[in-house]
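# Examination of the molecular architecture
So the chains spell out like this:
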Amino acid sequence: MSTMKFCRECNNILYPKEDREQKILLYACRNCDHQEVADNFCVYRNEIHHSVGERTQVLQDVAADPTLPRTKAVRCTQCNHGEAVFFQATARGEEGMTLFFVCCNPNCGFRWRD
């Protein structure tokens, strides 16, 4: 993982810079003329970690999303409500897309897949 780099001359932040003639990645100071060759080609990495609670909340909130399509052609097996929101997504560990349903009953929110 890349970390912030600081100038050895003036302690300001070094920013990634491309040397197009030599085709190398450099880190350059914007305050002085100091430059150094990058030892790693990764200049930024953003890792997002979700808690279990966040994932559950996202799925429950989709029933209230007005942009998602709704169907009355299915019935919830938990509460027998006749309306559900549906969307396609990749299921964990599976290839291809899966059709997911979420019950629109605010007291239920049961989710299942087709």
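Residues numbered from 1 in each chain as written. Predicted model: local features only at pLDDT ≥ 70, side-chain atom pairs only at ≥ 80, totals over all residues. Heavy atoms only, no water.

For the protein chain, an unreviewed UniProt entry supplies the name DNA-directed RNA polymerase subunit and the organism Flemingia macrophylla. Annotation of the protein chain in UniProt includes, under Sequence similarities (unreviewed entry), the sentence "Belongs to the archaeal rpoM/eukaryotic RPA12/RPB9/RPC11 RNA polymerase family." According to UniProt, the comment filed for the protein chain under the heading Subcellular location (unreviewed entry) is "Nucleus, Nucleolus". (UniProt positions renumbered as here; feature names shortened; annotations may be inferred.)

### Concerning the UniProt feature "binding site: Zn(2+) 1" (unreviewed entry) in the protein chain
Mapped onto this numbering, the UniProt entry annotates "binding site: Zn(2+) 1" (unreviewed entry) at Cys 7, Cys 10, Cys 29 and Cys 32. The annotated residues occupy 26 residues of the chain but converge on a single region, no pair of C-alpha atoms lying more than 8.6 Å apart. Mapped onto the elements of the fold, Cys 10 is located in the segment before β1 (14-19). A relative accessible area of 26% means that Cys 10 is categorised as partly exposed. (Helix = DSSP H or I, 4+ residues; strand = E, 2+ residues; numbered from the N terminus. Buried < 20%, exposed > 50% of the residue type's maximum accessible area, 1.4 Å probe, protein only.)

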